[in-house]
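Understanding the architecture of this molecule
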Amino acid sequence: MIYRIKQLSYLFIASLSVAGVLYGSDIKVVFSNDAGRIESLKTFEADNVSFVSGTELARLLEAGTFYSEPKKKLDIKFKEWRVKLSAYSSYVLMENLSTDNRLDDILHLPIPVMPSDDDILIPFSAFMTILDVVMPEILSYDEELKTLEIKTALVNITGITIQQKSNGTLIKISTTREFPLDSYRAWINRELGWLYLTIVNGISDSISIVSAPTKGAVVKVIPVQMEESTQLSFKLRGVVEKPEIYQTTDPNQIVISLRTPERITRKQVEDDLLKNSERWLIDTIVLDAGHGGKDPGSIGVTGLKEKDVALDIVKRIGKLIKKKLRVNVVYTRDEDIYVSLEERGKIANRNEGKLFISIHLNSFPKNRNVKGFEVYILRPGKTASAIEVAERENSVLRFDDKTSAERFEQHATEMLILASLTQAAFMSESEDLSGMLEKELKKKISSPSRGVKQAGFFVLVGASMPHAYIEAGFISNRKEEENFKSSKYKQKIAEAVYEGVRKFKHKYEQLILSANGRLN
Ligand SMILES: [Zn+2]
């Protein structure tokens, strides 16, 4: 919806100073929907104009506020509008927040707003014109009786977004303002499979809450408005751990994090697969050559660099995949340049990769006899707190292979970023893929297999796709370093990886398609 406001006529422009402010008689605020509730709004008089506190007015109207002291600006957020006021200015910026039709307006008040302690004083009568727009048909003001009537119960819980994350489900409840910490509580009735949230003094917009799409562990949302609180009931699917709840202020939200054990997430993803199988066909494969540019990776005794070998192998894999599988290949880098780890993740995301394969070389200079290749799966950790579900990173590294400790440290950050590409739901696919890659490598190259391993990480949020992280051999071992100089040897590695990918793709797509009833 679009509202247009004409500029108010200049009645007068008064230059006001804070010193000239006197206390006036209060404005009576009557809540006709809330029998008996009457509050008063203090006024300040200057040059025969009544000013009120912007923060106090916003509180009574259940609107959110943001005050910037250095700029002496107050933003008031209503359901569909953000109103921006600046001290000493008579211009009011109004931003329409409804996404479909964004239109901003500038309204000219007859007199400027004034600064106060951590607040802005607003000329009340003139501001009513703005309130009529941002809260249509809710307010009426009787100038003679100095009474503001609020006709309907003001919604302060405006909507819900439910997000499925790698390790759980996040429920974000949008509010118009901050609620005191002791005014909301969430708990689960496990027998019945419901999560309840009560918010004291909450009034919910039931239509937008009921119509919010459900995801992950949440099947259904039912809002119940009670006299002094609102209760939101969430029907749950599967097992969830103890809910964690916290509040954010920009934007105003109450967030509930529901951590789910892996297999439940996986079940959810399988349901999604059934619904939309084509999305999951392996049509884009992301190939990631480790290191590059200023970061050489590990360096062999004769000076061979991990970054060069990895790039060479990755390009060979890409060529085979493009030619034989006819799928889209995306390289995180295809030349000797430095690409940050975040950027690698972004590239995979942006291109909607369906498989992610990373090539590295191992190094263990303390014992140059150590040789062999390894395939890694990045396993999400289980003990991260709610905040991490909400997109924070954490790094705890588990490893049991002492000879790998040093290299692990070196690659920890890298693997952590890559962990953002994984999802609990894809662990079994990643295990499958890694197993197939290991089997093919074992067949084709002389380097002994050190097995498929898992490294434990707290999972990050990001793109998710089956992945494998290949350490193709030890560049610190003289024989293996020689191998890595040979085109023939690198081609063998590439062929093995290609073959593993081909088999995985075949099996996986067959599963998806048959699950969707297209085959068999
Ligand atoms: Zn590396």
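Residues numbered from 1 in each chain as written. Predicted model: local features only at pLDDT ≥ 70, side-chain atom pairs only at ≥ 80, totals over all residues. Heavy atoms only, no water.

Description of the pattern of salt bridges
Tallied over the entire structure, the rule returns 21 salt bridges. K507 is paired through a salt bridge with D432; the nearest N and O atoms lie 2.7 Å apart. Placement of the pair is K507 in helix 11 (residues 487-515) and D432 in helix 9 (residues 427-444), with a sequence separation of 75 residues. Judged by relative accessible area, K507 falls into the partly exposed class, the value being 37%. Residue classification places D432 among the partly exposed positions, given a relative accessible area of 28%. Linking E499 and K503 is a salt bridge whose minimum nitrogen-to-oxygen distance equals 3.9 Å. Of this pair, E499 and K503 both sit in helix 11, 4 residues apart, which is roughly one turn of that helix. Assessed through its relative accessible area of 16%, E499 is described here as buried. Members of the salt-bridge network, linked through shared partners, are E440, K443, E499, R502 and K503. (Salt bridge = Lys/Arg side-chain N within 4 Å of Asp/Glu carboxyl O. Helix = DSSP H or I, 4+ residues; strand = E, 2+ residues; numbered from the N terminus. Buried < 20%, exposed > 50% of the residue type's maximum accessible area, 1.4 Å probe, protein only.)

Quick notes on unusual backbone geometry
Even without glycine at this site, E137 takes up a positive phi of about 60°. Its place among the elements puts E137 in the loop between helix 2 (124-134) and strand 13 (139-142). Phi angles above zero are rare outside glycine, and E352 is one such case at about 50°. Looking at where E352 falls in the secondary structure, it is placed in the loop between helix 6 (341-350) and strand 25 (355-362). Look at E352 and you get exposed, because its relative accessible area is 56%.

Some details on the side chain of R333
Looking at the element boundaries, R333 is found in the loop between strand 24 (328-331) and helix 6. This buried residue, R333, is left without a salt bridge; D336 holds the nearest opposite charge, at 4.3 Å. In this structure the side chain of R333 is engaged in a polar contact, spanning 2.5 Å, whose partner is the backbone oxygen of H291. Among the polar contacts listed, one links the side chain of R333 to the backbone oxygen of K307, at a separation of 2.9 Å. Residues contacting R333, with those up to four places away along its chain left out, are A289, G290, H291, G292, K307, L311, V339 and R344. (Lys, Arg positive; Asp, Glu negative; His and termini not counted. Polar contact = N/O pair within 3.5 Å; in protein donor to acceptor, adjacent residues only side chain to side chain. Contact = heavy atoms within 4.5 Å.)

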